[in-house]
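Okay, here's what each chain looks like letter by letter:
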Amino acid sequence: MRHPGAYSGLLAGGLSGKTGPHSLPLARIKKIMKNSSDEVKMISGEAPIVFSKACELFIEELTKRAWMVTLKAKRRTIHKEDVAFAVINTDIFDFLVNLVTENSSKSEEPQPVMKA
């Protein structure tokens, strides 16, 4: 008999206690996982669920940081420049700095200030 995995609780609604369908499409997550490397052949049913939850937490954290930038600018709408500023000024998002600085350089908006 198969025992439930460590992340099986996510199937019933996740760590937050919410129930219902996942907000991110698991099939799309699985496709991204498979396309990440030619060596990835098999993916358990629980792995995309864990990735889904991780993506949700990532989006929530980045949104909170971008929202703080938006409030400092005395606005109520998050703009892409707010997200870029949040990425550039947060060490844990350093892996995204090239992405947001490339996209920002194409626009006419002022560039986010680099962290010291």
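Our subject is the structure listed above.
A short tour of the structure in this document, coming up. Note that this is a predicted model, so its numbers are computed, not measured. For every chain, the first residue of its written sequence is number 1, and the numbers climb from 1 along that sequence. Reporting in this predicted model follows two pLDDT cut-offs: at least 70 for local features of residues, and 80 or more for side-chain atom pairs to be given and counted; totals over whole chains, interfaces and linings ignore these cut-offs and use all residues. Values reported for side chains reflect all heavy atoms of the structure, with hydrogen atoms and water molecules removed beforehand.

## Describing unusual backbone geometry
Formally: Numbering of helices and strands runs from the N terminus, with a helix taken as a DSSP run of H or I at least four residues long and a strand as a DSSP run of E at least two residues long.
Phi angles above zero are rare outside glycine, and K74 is one such case at about 60 degrees. Here K74 is to be found in the loop between α2 (47-72) and α3 (80-88).

## Some points on the side chain of S52
What counts here: Working rule for contacts: check all heavy atoms of both residues, and any pair within 4.5 Å makes them a contact.
With respect to the helices and strands, the residue S52 is situated in helix α2. Not counting residues up to four positions away in its chain, the partners in contact with S52 are H22, L24, L26 and I29.

## Some thoughts on the nonpolar core
For clarity, the cut-off: The criterion is simple. A nonpolar core is a set of buried Ala, Val, Leu, Ile, Met, Phe, Trp, Tyr and Cys residues joined through side-chain atoms within 4.5 Å. To sort residues, take the accessible area from a 1.4 Å probe on protein chains only and compare it with the maximum for the residue type: under 20% means buried, over 50% means exposed, and anything in between is partly exposed.
One finds L62, A66, A84, A86, V87, I88, F93, L96, V97 and V100 forming the largest nonpolar core, which totals ten residues. Of all the secondary structure elements, the ones that give two or more residues to this core are α2, α3 and α4 (97-105). When residues of this core are assigned to their parent elements, the largest contribution, four residues, is made by α3.

## A short note on the packing of aromatic side chains
Keep this limit in mind: The aromatic pairing rule takes the rings of Phe, Tyr and Trp, using the six-membered ring of Trp, and pairs them if the centres are within 6.5 Å, calling planes under 30 degrees apart stacked, those over 60 edge-to-face and the rest tilted.
Counted under the stated rule, the structure contains two aromatic pairs. Both rings, one in F58 and one in F93, keep their centres 5.6 Å apart while their planes meet at 90 degrees; by these two values the pair is edge-to-face. With F58 in helix α2 and F93 in the loop between α3 and α4, the pair connects residues that are 35 residues apart, well separated along the chain. Residue classification places F93 among the buried positions, given a relative accessible area of 3%. Where F58 meets F95, the ring centres are 6.4 Å apart and the plane angle is 40 degrees; that geometry is what we call tilted.

## Brief notes about the environment of A27
Within the fold, A27 resides in helix α1 (residues 26-35). Along the backbone, A27 and P48 are 21 residues apart, and their C-alpha atoms lie at a distance of 8.0 Å.

## A look at the packing of α2 against α3
The line we're drawing: Interaxial angles span 0 to 180 degrees and are taken between N-to-C directions of axes, which are lines fitted to C-alpha atoms, for helices over the stretch in contact. Here the word oblique covers every angle except those under 35 degrees (roughly parallel), over 145 (roughly antiparallel) and from 65 to 115 (roughly perpendicular). Helix crossings are classified by the rotation of the near helix relative to the far one: an anticlockwise turn of less than a right angle makes the crossing left-handed, while a clockwise turn makes it right-handed.
Running from N to C, α2 and α3 point in directions that differ by 110 degrees, and their axes come no closer than 8 Å. Regarding the angle of α2 to α3, the classification is roughly perpendicular. In this structure, α2 crosses over α3, and the sense of that crossing is right-handed. Taking contact as the criterion, the partners of L62, R65, A66, V69 and T70 in α2 are, on α3, D82, V83, F85, A86 and V87.

These figures come from the coordinates and say nothing about function on their own.
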